[in-house]
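What follows is the residue order along each chain.
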Amino acid sequence: MTFDYEKYIRPGKLPHIWCPGCGHGIVMKGLIRAIDKCGLQKNRTAIVSGIGCASRLPGYVDFNTVHTAHGRAAAFATGMKMADPDMTVICTGGDGDGVAIGGNHFIHACRRNIDLTYVIMNNHIYGMTGGQFSPCTPTDAFASTTPYGNPDPIFDISKLAIGAGATFVARTTAYHATQIDKLITEGIKHKGMAVIEVLDCCPTSYGRRNKFRSVVEMMKQHKDIAVPVTAAAKMSEEQLAGKILTGVLHKENKPEYCEQYAKLINKVQNPTSK
Amino acid sequence: MGTPRIEIIEKYCKGCNICVEFCPKHVLKMDGFVAKVDKPEACIQCMQCELRCPDFAIKVYPA
């Protein structure tokens, strides 16, 4: 069916600023479809972002949106969620914004298990500022600041989120377009911190420096290395070398932070009642 | 199944070639830096182009 994206986009904002082939547009479409599927009200939904290419997303969508300081999306979103726990708060951002500059805010939002949905578009690079390497740039890959190859090991965002205590962690790629909205829908419905990592493609800053001839080649590479987590359970370690797992990687139920906080307030205000 | 109407908003299209490459029936082609509908009668309404276009530039109205 033809999907009416215009319903959720601010009039006159398109075409967006992202480069030709940038996967952020695909993720934005997935996010819009997920919000539509969940039937969220525009006035009861907030989308928060930091700084960067991916963080331009809230400017285009017609919800309550905040474009905050670099890496501080999770911090602002935590405050908004605490002030109005019934509001659906979604964070968007890139890998550099989310886990490098805002790494501390990100891990503590995960630790608290506050009811946010964090969509991280991992394009392996700082695209907007000129292609500097980020913690998610693969080892030996080229960036403007690693002209001889990147010596650093890669940061696994999903594992970081699981380790920090997020209760819903999923991963997909920009190639798997229908899976994006499926996982974001599941994340929005989950009570607690939901992290959805989307492996994205940056043809301008990452692709050109790493000998990808086109964005289609980058997307097909994601298709080749992605293994659904259910299929991976039956595969050996050698078969899984160089692959990435996609799907819901972690899901558990733990007390949510706003509820725990409300309970504390109740306990302090009414010391006699239970 | 009739021929669907494929609308390409030229103002939004940046010519990334994703729709052309992922169309299983080669309905679309590039005309300079803008996608064009080449063989609308071959379209099977799989919606891949609409789903994947990062620029919100393609709409497929099923017949």
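For the structure itself, consult the block above.
Note that this is a predicted model, so its numbers are computed, not measured.

To continue, consider the overall build of chain A. In terms of regular secondary structure, chain A is built from 10 helices and 10 strands. Rg of the C-alpha trace for chain A: 19 Å, near the compact-globule value of 19 Å for 274 residues, within the 12% margin. A separation of at least 24 residues holds for 68% of the contacts in chain A among residues at least 6 apart in sequence. Accessible surface, chain A as shown: approximately 12,300 Å² in total, 55% of it carbon and sulfur. For chain A, the separation between the mean place of its 31 positive charges and that of its 23 negative charges on side chains is 2 Å.

Residue and element names in this part refer to chain B. Note that strand β2 (residues 28-31) and strand β3 (residues 34-37) share four bridges and pair antiparallel. What sits directly across from Lys-29, in β3, is Lys-36. Taking the residues between adjacent antiparallel strands as the criterion, β2 and β3 are bridged by two residues, where Gly-32 takes a positive phi near 70°.

Per the counting criterion, the structure on display carries eight aromatic pairs over all chains. Their ring planes at 85° and their centres at 5.5 Å tell us that A:Tyr5 and B:Phe56 sit as a pair that is edge-to-face. Placement of the pair is A:Tyr5 in the segment before α1 (24-38) and B:Phe56 in the loop between α2 (48-52) and β4 (58-61), with the two residues belonging to separate chains. When the ring of A:Tyr175 is compared with that of B:Phe22, the centres are 5.7 Å apart and the planes differ by 50°; the resulting orientation is tilted.

Before going further, it helps to spend a moment on the interface of chain A and chain B. Taken together, the 29 residues of chain A in the interface contact 20 residues of chain B. With both sides pooled, the region where chain A packs onto chain B buries about 2,100 Å², and carbon together with sulfur makes up 65% of that total. Ranking the residues of chain A by area buried against chain B places A:Thr2, A:Lys29 and A:Val216 at the top, with a combined share of 26%. The interface formed by chain A and chain B contains one salt bridge. Residue A:Glu6 pairs with B:Lys59 through a salt bridge whose shortest N-O separation is 2.8 Å. Residue contributions to the side of chain A that touches chain B peak at six residues, all from α1(A). Considered class by class, the residues forming the side of chain A that touches chain B number 20 nonpolar, five polar and four charged.

So, how was this worked out
Within every chain, residues take consecutive numbers counted from 1 along the sequence as written. For this description, chains carry letters from A and ligands carry numbers from 1, given in the order in which they are written. Residue-level local features of this predicted model are given only where pLDDT is at least 70; pairs of side-chain atoms are given and counted only at 80 or more, and the full residue set underlies all totals for whole chains, interfaces and linings. The side-chain values count all of the structure's non-hydrogen atoms but skip hydrogen atoms and water molecules. Strands are runs of DSSP state E lasting at least two residues, helices are runs of H or I lasting at least four, and both sets are numbered from the N terminus onward. Radius of gyration: over C-alpha atoms. The globule rule applied is 2.2 Å multiplied by the number of residues raised to the 0.38 power. In this analysis, two residues are considered to be in contact whenever any of their non-hydrogen atoms come within 4.5 Å of each other. All accessible areas in this document rest on Shrake-Rupley with a 1.4 Å probe, and a residue is counted as covered only by the protein chains that are shown. In this count, Lys and Arg are taken as positive residues and Asp and Glu as negative ones, while His and the chain termini are left out. Charged side chains are reduced to one point each, which is NZ for Lys, CZ for Arg, CG for Asp and CD for Glu. Two strands qualify as a pair provided that DSSP identifies no fewer than 2 bridges between them. Pairing of aromatic side chains here covers Phe, Tyr and the six-membered ring of Trp, requires ring centres within 6.5 Å, and sorts the geometry by plane angle: under 30 degrees stacked, over 60 edge-to-face, intermediate tilted. Here the quantity called buried area is the accessible surface, traced with a 1.4 Å probe, that two parts lose on coming together, added over both. Between Lys or Arg on one side and Asp or Glu on the other, a salt bridge is scored when a side-chain nitrogen of the former is within 4 Å of a carboxyl oxygen of the latter. Any residue that is not Ala, Val, Leu, Ile, Met, Phe, Trp, Tyr, Cys, Pro, Asp, Glu, Lys or Arg is counted as polar, Gly included; the first ten are nonpolar and the last four charged.

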